[in-house]
Amino acid sequence: MQETKIVRGYRVLRFPQKPDYLPITEEEFRRETLAAWSRGRYREKIAAVIYGGEQEWEALYKDEDMEVRGAVACRASEEYQLKLVNEPISAIRDLLAIYGTDKARLALLEQGEPNGDVLYNIAKFGSTDIRHRFVDAVWDRPTLLMKCTPYLPAGCIEKLMGHPDTDVQVKAALYGTIDHCGQALMLPKSINNLLATFLRPNLLERIAELDEVAWSIHLDKTKTRKYETMEL
């Protein structure tokens, strides 16, 4: 049985050593091995994708086996990732969201990506700019917005405080500023604002944490000024 290793969730064949008796260079051996693997079974094809380059990706990004296409999604260059944006299998688009470039994530958002798991990973692994675009793209999906709130930057949190769904506001406040928490605590008690009541202890805890951080920063600055004065 051939030795394997795990690469990005795939069990991949280890690249073999060139037998001493073969009258070819290491480069030729590598090239011929990749070419043979590209025509092999799905496990060999995955290895070709992982160890190979443009030639192997071009040959295999349309392969009938979804695992092979998935390997291309998480290993190939941006050019081939973008060719997989319209992939009908959501699990492959999910790999693009995790391992792809921001350009691939943006392409998924711009084409109206419907799958919640894919969108979640776009928010989790995307850049700050992608996360801002994510909020705009899923503005009408409050449950997904709340699930992804921990990954969103300050600008997105501020924007969510103006969301029409008060549950979104409350969840955003938990990752926002003291003012955001105060805004959530001021929401009127009603059947439409149950989350604000339910999460009131969490909001108060968040305020206490932010106060403690602010106080620590204040003390550090005070100590620094004191030492600077003493040195003078």
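Definitions and limits used
Residues numbered from 1 in each chain as written. Predicted model: local features only at pLDDT ≥ 70, side-chain atom pairs only at ≥ 80, totals over all residues. Heavy atoms only, no water. Pairing = 2+ DSSP bridges. Helix = DSSP H or I, 4+ residues; strand = E, 2+ residues; numbered from the N terminus. Buried < 20%, exposed > 50% of the residue type's maximum accessible area, 1.4 Å probe, protein only. Polar contact = N/O pair within 3.5 Å; in protein donor to acceptor, adjacent residues only side chain to side chain. Contact = heavy atoms within 4.5 Å. Core = buried A, V, L, I, M, F, W, Y, C linked by side-chain atoms within 4.5 Å. Phe/Tyr/Trp six-rings, centres within 6.5 Å; stacked < 30°, edge-to-face > 60°. Lys NZ or Arg CZ within 6 Å of the ring centre and 35° of its normal. Axes fitted to C-alpha atoms, helices over the stretch in contact; angles between N-to-C directions. Left-handed = near helix turned anticlockwise from the far one by under 90°. Nonpolar A, V, L, I, M, F, W, Y, C, P; charged D, E, K, R; others polar.

Caption draft 1: Molecular detail of the pairing of strand 2 (residues 10–13). In this sheet, strand 2 lies alongside strand 1 (residues 4–7) in antiparallel orientation, the contact comprising 4 bridges. Each residue of the ladder has a partner; that of K5, found in strand 2, is V12. What sits between the antiparallel neighbours strand 1 and strand 2 is a turn of 2 residues, in which R8 has the positive phi angle 50°.

Caption draft 2: Fine view of the environment of D129. Relative to the elements of secondary structure, D129 occurs in helix 9 (residues 128–137). By relative accessible area, which is 44% here, D129 ends up partly exposed. Linking D129 and P153, residues 24 residues apart in sequence, is a C-alpha distance of 9.4 Å.

Caption draft 3: Structural view of the side chain of H180. Looking at the secondary structure, you find H180 in helix 13 (residues 178–185). Polar side-chain contacts of H180 include one of 3.0 Å to the backbone nitrogen of T177. The contacts of H180, once residues within four sequence positions are left out, are I157, E158, M161 and A173.

Caption draft 4: Region of the structure containing the nonpolar core. Residues V12, I122, F134 and L203 are the most contacted members of the largest nonpolar core, which totals 61 residues. With 6 residues, the single largest contributor to this core is helix 2 (residues 42–51). The contact partners of V12, leaving out residues within four places of it in the chain, are E3, T4, K5, V7, I46, A47, I50 and Y51.

Caption draft 5: View of the packing of aromatic side chains. The tally for this structure, following the rule as stated, stands at 7 aromatic pairs. Taken together, a centroid distance of 6.4 Å and an interplanar angle of 90° make the contact between F15 and F29 edge-to-face. Taken as a pair, F15 in the loop between strand 2 and helix 1 (26–38) and F29 in helix 1 lie far apart in primary sequence, 14 residues in all. Taken together, a centroid distance of 5.4 Å and an interplanar angle of 75° make the contact between F15 and W37 edge-to-face. Separated by 22 residues along the polypeptide, F15 in the loop between strand 2 and helix 1 and W37 in helix 1 bring together distant segments of the chain. Take W37: its relative accessible area is 9%, and that puts it in the buried class. These aromatic residues form a ring-pair network of at least three members: F15, F29, W37 and Y51. The ring centre of Y120 lies 4.7 Å from the NZ or CZ of K147, which sits over that ring. The cationic tip of K159 hangs over the ring face of W139; the distance from NZ or CZ to the ring centre is 5.8 Å.

Caption draft 6: Structural detail: the environment of E67. Here E67 lies in helix 4 (residues 66–75). Look at E67 and you get partly exposed, because its relative accessible area is 37%. Expressed as a C-alpha distance, the spacing of E67 and I46, which sit 21 residues apart in the sequence, is 7.5 Å. Here E67 is in contact with Y10, Y42 and I46, once residues within four sequence places are set aside.

Caption draft 7: Molecular detail of helix 12 (residues 166–173). The buried count for helix 12 comes to 6 of 8 residues, which makes it a mostly enclosed element. All of the buried residues along helix 12 are T166, V168, Q169, V170, A172 and A173. Two or three places before D167, at the opening of helix 12, D165 has a side-chain oxygen 2.8 Å from that residue's backbone nitrogen.

Caption draft 8: Representation of the packing of helix 8 (residues 116–125) against helix 9 within the structure. One way to put it is that helix 8 packs onto helix 9 with a least axis distance of 8 Å and a crossing angle of 145°. In this structure, helix 8 meets helix 9 at a crossing whose hand is left-handed. Mapping the contact onto sequence places L119, I122, A123, K124 and F125 in helix 8 and I130, R131 and F134 in helix 9. Partitioning the contact of helix 8 with helix 9 into residue classes produces 6 nonpolar, no polar and 2 charged.

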